[in-house]
Amino acid sequence: MFAERLVLVLSGQRPMHWVARHIANTAFDELARLAELRPLCTDGHRPTIHRIGHYQPHPETYEVFARIATGPKLRALAFRLTLGADRKWRCTAVETSAPTPSRT
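Residues numbered from 1 in each chain as written. Predicted model: local features only at pLDDT ≥ 70, side-chain atom pairs only at ≥ 80, totals over all residues. Heavy atoms only, no water.

1. A few points about the overall build of the protein
Then, number 1: The helix and strand tally for the protein stands at 2 helices and 5 strands.
Then, number 2: Ordered by position from N to C terminus, the α and β elements of the protein give α-α-β-β-β-β-β.
Then, number 3: Referenced to the eigenvectors of the C-alpha coordinate spread, the extents of the protein come out at roughly 40 × 25 × 20 Å.
Then, number 4: Looking at the 104 residues of the protein, the share that counts as buried comes to 34%.
Then, number 5: Of the roughly 6,700 Å² that the protein leaves accessible, carbon and sulfur atoms contribute 52%.
Then, number 6: The distance from the centre of the 15 positive side-chain charges to the centre of the 9 negative ones in the protein is 7 Å. (Helix = DSSP H or I, 4+ residues; strand = E, 2+ residues; numbered from the N terminus. Buried < 20%, exposed > 50% of the residue type's maximum accessible area, 1.4 Å probe, protein only. Areas by Shrake-Rupley, 256 points an atom, 1.4 Å probe, with all protein chains shown as cover. Lys, Arg positive; Asp, Glu negative; His and termini not counted. Charge placed at Lys NZ, Arg CZ, Asp CG, Glu CD.)

2. Here's the deal with helix α1 (residues 2–10)
Then, number 1: Counting buried residues in α1 gives 7 out of 9 residues, a clear majority hidden from the surface.
Then, number 2: Those residues of α1 that are buried lie in contact with α2 (25–37), β1 (48–58), β2 (61–70), β3 (73–83) and β4 (89–96). (Contact = heavy atoms within 4.5 Å.)

3. With respect to the pairing of β1
Then, number 1: With 8 bridges joining them, β1 and β2 adopt antiparallel strand pairing. Note that in β2 the partner of Ile 52 across the bridge is Ala 66.
Then, number 2: Connecting β1 to the antiparallel partner β2 that follows it, the hairpin turn spans 2 residues. (Pairing = 2+ DSSP bridges.)

In C-alpha cells:
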C-alpha cells in the first residue's frame, strides 16, 4: 500500500503532504526533491506497479523494491521502511531509476 502512495506522489497525482506523516526527516527531503521532478510522470499513461518485493535485513527494517510501468517504459522504485521507537513504520529512504524500455 505504501508503494502505491509513493507512485501517486512521484507521478504528480497526489501532493507530498498525502504521505508526509509516513516519511522520516531525511527521506522527506529526498522525496520532496524527487516529487518536483515527477520521475514517474508520463504523457497520459498512469504508472502501475508490475512487480514488488522486499528484503528484511533487520527485524525492524524492510527494504522494498518495485518495477513501475509508465507507458512503454519501466522504472525502478526502492524505499526503506523502519520501525520507530513509537512502534510506527516510516520511510527512511527513497530512490528511483532512469527509464528503461519495456519488454512486452
